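Architecture at a glance
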Amino acid sequence: MPLPLEEQVALILKGDPGEKPKFWEAVLRKLVTLLPRADRDALACISGQFAVAARDPSWREVIGKSGLLSFLLDTVPVYYDGVFQGSHPLNKQALRVIANACVDNDENRKVVVASGKLTNMLKMFLSEDHLLPFAVITMLNVCVDYSSAQLQVSNAALSKVLIDLISGERLRACEAHLTQIMTVLELLTNHESEFKICYPRTPAALLTLAINNENRLSSPLDREIFLSICTSALSYLVNRGLQVFFIQNKNFRLLQEAFLQSYIRFETAGEDVEEEAKERLKQVQHGFVTLFADITDVEGFGDVYGIDSEEVGTLVGWLELEKFPQLQNAACLALGNLGRSDESTKKLLPRVGEGVVKILGRSVPGKVRQGERPSLQLTHAALGFAKNLAIPAANKPVLGEMLLKSGTLAGLWEGFGNSQPSMMFAAVSLGRLLLVGCRENVRLVCKPVSIASDEKDENGLASAESSSQGETATYRTNLDLLYRSATGSPNEDPTKLEAARAVVSAVCRVLSQGPEVLGSSGELEEFYKTHSDIIAGSFTTMLTQAKWPSVRSDAITVLALMASQHPEGSNMALKVVEDTAAEEEVLKAIVKAATGDDEMVGKFLGTGDNRVEEIEEEKQGKNDEEKETKEVTELVQGLELEPQQADAQAQKQPERMVKVDRENALVLMAMLLGMFKDQMSPARRRLVEAVLERGGELVVKDREGTSQV
C-alpha cells in the first residue's frame with residue numbers, strides 16, 4: 001500500500017537537490033501529477049512542508065522547475081461553491097511557498113508573473129487580517145529586483161490597497177509589516193505609470209502616518225520604521241504632479257513636521273547607534289533637503305504659502321537652528337525659491353538677513369573651530385539665498401552693511417580662493433550682485449585698506465597668507481582682494497570672469513557716474529591709478545572671451561561710459577585700450593564691434609611693407625592728417641552718438657546688440673581720438689580714424705534701415 005502523500009513528501013524532502021538537481025526535479029514533477037488527487041487539507045499540509053524546504057536555495061530551483069509553483073498558483077485562493085474561503089489553511093501555506101521560493105530567484109518570479117494570478121490573489125489575501133502578513137511578504141519577495149513584477153503590481157493599483165490599509169481601521173493588522181509595505185511602495189515608484197495610478201493623496205497619507213500615529217498603533221514607531229515611511233513618501237513626492245496636488249491641498253506642514261521629527265524624535269545622544277543607522281538617517285535627511293528645494297520651486301507655491309504664512313515662518317525659524325544644519329540647508333533652498341521677486345525678497349530680508357549672515361560668518365575659515373563650521377553644502381545654499389536677497393536695489397545697502405562692512409564676504413573670498421572653487425565662484429557672484437548699481441557698497445570695496453593678516457578694521461579682512469611662500473599678501477582694497485583671490489582659484493576661468501564682471505560691470509559702471517561716488521576727483525584718480533592693473537585685466541578678460549557675447553557687450557558699454565563722462569574715466573579707458581597685456585586682442589574686439597572687421601587692427605598696426613601699402617591704398621592718397629581727423633570728427637559729431645545701454649529684451653536680439661555694440665565702440669573711439677590724438681602714434685591714429693569712418697557709415701545705414709521700417 002503506497003504511503004500517504006504527506007509521508008512521501010517528508011521522505012523526498014530529506015534528499016539534497018544540490019547534489020542531483022535533475023533527479024529531484026523529476027521526483028517532484030511526478031509528485032505534482034499526484035497532487036490533484038489530494039484533498040485541500042492534505043495539500044495544505046504538503047504546502048507547509050515545501051514552504052519550509054523553500055528556505056533552502058537548492059529546493060527553490062527544483063520547486064519552480066518541477067511545476068509545483070505553478071500548481072499552487074492555480075490552487076489558491078480556495079473557493080467552495082464560488083465563495084472565497086479565506087480561513088482555509090491552504091491559502092496561508094501556498095503563500096508561504098510562493099514567498100520563500102521567490103527569494104533571490106528570478107526564474108520563480110518569472111513563473112509567478114507569467115501566471116497572471118499574482119495581483120488578484122494578493123487583493124484577496126490582503127483583505128484577510130490573518131493572511132495579510134503573508135501576502136505582504138509574498139508581494140515584497142516577488143517584486144524585489146524584478147521590474148515586471150513591480151509593474152504588474154502597480155498596474156493593478158495595489159498601492160491604493162496598501163494606502164487604504166495604513167490609513168484606515170486595519171492599520172494594526174499590518175503594523176508588524178510596515179517596513180515591508182513601505183519597501184513595496186518605494187519599489188513601485190520605479191515606474192512612471194505608478195504616479196498616475198496611485199492616490200494623489202499617497203504622500204500625505206504616508207507622512208501623516210509617520211508623524212501622527214498616537215492611539216493608532218500598539219507601540220510608537222521605531223527609528224527604522226519611521227525612516228522607511230519617510231523614504232516611501234519622498235519617493236512619491238519626486239513626481240511633479242503629486243507635488244502640485246500636495247501643495248494645493250496645503251500638506252506642506254506635514255513635510256516640515258516629518259523632517260523636524262527626523263532630528264528630534266529619536267535622540268541619539270548617549271545611544272550606541274550603529275554607523276549604518278546613522279548613515280541611513282543622513283540619507284533620508286538629505287532626501288528631505290532635496291525635496292524642499294524641488295517642491296518650493298513648484299509654480300504657484302508662493303500663491304498657496306505667502307511670505308507671511310505660518311509655514312514660511314517655520315522655514316525662517318530653521319535658519320537659526322545651528323544644531324540641525326540640514327534644516328538650515330532646507331530653509332535656505334526653500335526661502336531662496338520664494339525670494340525670486342523684488343517684492344518677496346524685500347519682505348524677507350528683515351526676517352532672514354541675520355540668520356543667513358550668521359551662517360556665512362561661521363563659514364569663514366578660521367572664524368570657528370573646524371567641527372563647528374557649517375558644511376560646504378549649507379554654505380553654498382546660504383550663498384545662493386543671499387544672492388537672491390541681493391538683487392533688489394533696496395536690499396543692497398542693508399546686505400552690504402552685513403556682509404561687506406563686517407568683513408564676512410571678504411573673509412570668504414580670502415578663505416575659499418585657493419581651496420574651494422565652487423564656493424569661491426558663489427561668493428564672488430554674491431559680491432558682484434551687491435555692487436551692481438549700489439554706490440554705498442562700491443565705496444566699501446574701494447576704500448583703501450592695508451592691514452596684517454590677523455587684523456581687522458571696519459572694512460573687514462584685507463590680506464591673506466600666501467599658500468606657496470608663507471608670506472602675507474596685503475591688498476589695497478577689498479575689491480583688490482576679490483579680484484586677486486578669484487584669479488588664483490583652481491577653477492579660474494568662470495570665477496575669474498565673474499570677478500571681472502564685478503570690477504567692470506559693477507564697480508567701473510558706478511564710478512563712471514562721477515568722482516563724487518568716492519568723494520572727489522583726486523580720490524577717483526588715485527583709485528584708478530592703484531587699481532589700473534586689475535581694471536585692465538578685468539576688461540581684457542571680458543573682451544577677449546568668446547562664450548558670452550553679452551559679457552563682451554557690457555565691457556564695451558562701460559568703456560564708453562567711462563570715456564565719455566569725466567577725465568579720470570577717459571584716462572582709465574585709454575590705459576585699458578593701450579596698456580593691457582593683450583592689447584591687440586582688446587583692440588580687435590573693440591574694432592570688430594565698431595566695424596565688423598577683425599583684420600583692421602593687423603592692417604594698421606602690423607609690420608612690413610604690405611602694411612604700408614595697404615594703408616596708402618586705404619587712404620587713396622589723402623596725406624593731410626589734420627584734414628582727415630576733422631572730416632572724421634564732423635562725421636561722428638553729425639551722428640550724435642551717445643553710450644547705449646541695452647535692456648534685457650535687447651540682449652535677446654543679436655541684430656539689435658550688434659548695433660548697440662557698434663555705437664558704444666564708436667563713442668569710445670571718438671572720445672579717445674578727441675582727447676588723446678596728440679598722444680597717439682600715427683598708425684594708431686589712422687586706425688582710430690578708419691574705424692570711426694567705417695563704423696560711422698554703418699551707423700548711417702543702420703539708421704536709414706530703421707527709418708524705412
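Residues numbered from 1 in each chain as written. Predicted model: local features only at pLDDT ≥ 70, side-chain atom pairs only at ≥ 80, totals over all residues. Heavy atoms only, no water.

**As for the overall build of the chain**
Across its full length, the chain carries 40 helices and four strands. For the chain, the residues scored as buried account for 52% of the 709 residues in total. Of the contacts formed within the chain by residues at least 6 apart in sequence, a portion of 73% connects residues at least 24 apart. For the chain, the computed accessible surface area is about 31900 Å², with 49% contributed by carbon and sulfur atoms. (Helix = DSSP H or I, 4+ residues; strand = E, 2+ residues; numbered from the N terminus. Buried < 20%, exposed > 50% of the residue type's maximum accessible area, 1.4 Å probe, protein only. Contact = heavy atoms within 4.5 Å. Areas by Shrake-Rupley, 256 points an atom, 1.4 Å probe, with all protein chains shown as cover.)

**Digging into the nonpolar core**
One broad rule of soluble globular proteins: the nonpolar side chains tend to lie buried together. Phe50, Leu178, Leu255, Leu335, Trp413, Ile535 and Phe539 are the most contacted members of the largest nonpolar core, which totals 228 residues. If you tally residues by element for this core, the top one is helix H29 (residues 492–511), at 11 residues. Residues contacting leucine 178, with those up to four places away along its chain left out, are Ile166, Leu171, Leu209, Leu217, Leu221 and Ile225. (Core = buried A, V, L, I, M, F, W, Y, C linked by side-chain atoms within 4.5 Å.)

**What to know about the packing of aromatic side chains**
All told, the structure shown has 14 aromatic pairs when counted by the stated rule. Pairing phenylalanine 84 with phenylalanine 125 gives two aromatic rings, centres 6.2 Å apart and planes at 40°, and the pair type is tilted. Remark: phenylalanine 125 occurs in helix H8 (residues 118–126) and phenylalanine 84 occurs in strand E2 (residues 83–84); sequence separation between them is 41 residues. Classification of phenylalanine 84 as buried rests on a relative accessible area of 17%. Seen in terms of ring centroids, phenylalanine 252 and phenylalanine 292 are 5.4 Å apart; in terms of plane orientation they differ by 65°. Their pairing is edge-to-face. Of the two residues, phenylalanine 252 is situated in helix H17 (residues 252–264) and phenylalanine 292 in helix H18 (residues 275–295); the sequence distance between them amounts to 40 residues. Looking at phenylalanine 252, the relative accessible area reads 1%, which means it is buried. In textbook terms, an aromatic cluster arises when at least three aromatic residues are bridged by ring pairs, as seen for Phe252, Phe259, Tyr263, Phe288, Phe292, Phe301, Tyr305, Trp318 and Phe324. Positioned over the ring face of tyrosine 199 is arginine 201, at 4.3 Å from the centre of the ring. (Phe/Tyr/Trp six-rings, centres within 6.5 Å; stacked < 30°, edge-to-face > 60°. Lys NZ or Arg CZ within 6 Å of the ring centre and 35° of its normal.)

**Examining the confidence of the model for the chain**
Per-residue pLDDT for the chain has a mean of 87; in total, 88% of the residues score no lower than 70. Mean pLDDT in the chain bottoms out at strand E3 (residues 463–465), which sits at 40, and peaks at helix H13 (residues 194–197), which reaches 98. The low-confidence segment residues 451–473 (pLDDT under 50) makes 54 contacts with residues lying over four places distant or belonging to another chain. Within the model, pLDDT remains below 50 along residues 608–613, and this stretch shows six contacts once partners closer than five positions in the same chain are excluded. (pLDDT = per-residue confidence, 0-100.)

**Considerations on the environment of alanine 205**
Relative to the helices and strands, alanine 205 resides in helix H14 (residues 202–211). Overall, alanine 205 belongs to the buried group, its relative accessible area being 13%. As for alanine 205 and aspartate 164, which are separated by 41 residues in sequence, their C-alpha atoms are 9.1 Å apart. If we ignore the near neighbours within four places in the chain, the residues touching alanine 205 are Ile163 and Ser167.

**Comments concerning unusual backbone geometry**
Along the chain, valine 76 connects to proline 77 via a cis peptide bond; the corresponding omega equals -5°. Along the polypeptide, proline 77 turns up in the loop between helix H5 (68–75) and strand E1 (79–80). If you check the backbone angles, alanine 157 has positive phi at about 60° while not being a glycine. Mapping alanine 157 onto the fold places it in the loop between helix H10 (147–155) and helix H11 (158–167).

**Some thoughts on the packing of helix H6 (residues 89–101) against helix H9 (residues 132–143)**
Where H6 contacts H9, the axes come no closer than 8 Å and their chain directions differ by 25°. One element, H6, and the other, H9, form an angle in the roughly parallel class. For the element pair H6 and H9, the recorded crossing hand is left-handed. In this structure, H6 contributes Lys92, Leu95, Arg96, Ile98, Ala99 and Asn100 to the contact, and H9 contributes Phe134, Ala135, Ile137, Thr138 and Asn141. Residue composition of the contact of H6 with H9, grouped by class: six nonpolar, three polar and two charged. (Axes fitted to C-alpha atoms, helices over the stretch in contact; angles between N-to-C directions. Parallel < 35°, antiparallel > 145°, perpendicular 65-115°, else oblique. Left-handed = near helix turned anticlockwise from the far one by under 90°. Nonpolar A, V, L, I, M, F, W, Y, C, P; charged D, E, K, R; others polar.)

**Side note on the packing of helix H22 (residues 342–363) against helix H23 (residues 376–389)**
In the contact formed by H22 and H23, the axes pass within 9 Å of each other and the chain directions differ by 145°. The two elements H22 and H23 cross, and the hand of that crossing is left-handed. Facing Thr345, Leu348, Leu349, Val352, Val356, Ile359, Leu360 and Ser363 of H22, the residues of H23 in contact are Leu378, Thr379, Ala382, Leu383, Phe385, Ala386, Asn388 and Leu389. Within the contact of H22 with H23, the residues separate by chemical class into 12 nonpolar, four polar and no charged.

**Some details on H18**
Three- or four-residue spacings in an α-helix give side chains the same orientation, since the helix completes a turn every 3.6 residues. End to end, H18 covers 30 Å across 21 residues, agreeing with the expected 30 Å (1.5 Å per residue, within 8%). Residues of H18 that are buried: Leu281, Val284, Gln285, Phe288, Val289, Leu291, Phe292 and Ile295. An end-on view of H18 places all buried positions within 165° of arc, on one side of the element. What points out from H18, more than 90 degrees from its buried face, is the exposed set Glu275, Glu276 and Lys282. Tucked into the core, H18 has its buried residues touching helix H15 (223–236), helix H16 (240–248), H17, helix H19 (301–304), helix H20 (310–318) and helix H21 (325–338). (Expected span 1.5 Å × (residues − 1). Arc of directions from axis to C-beta.)

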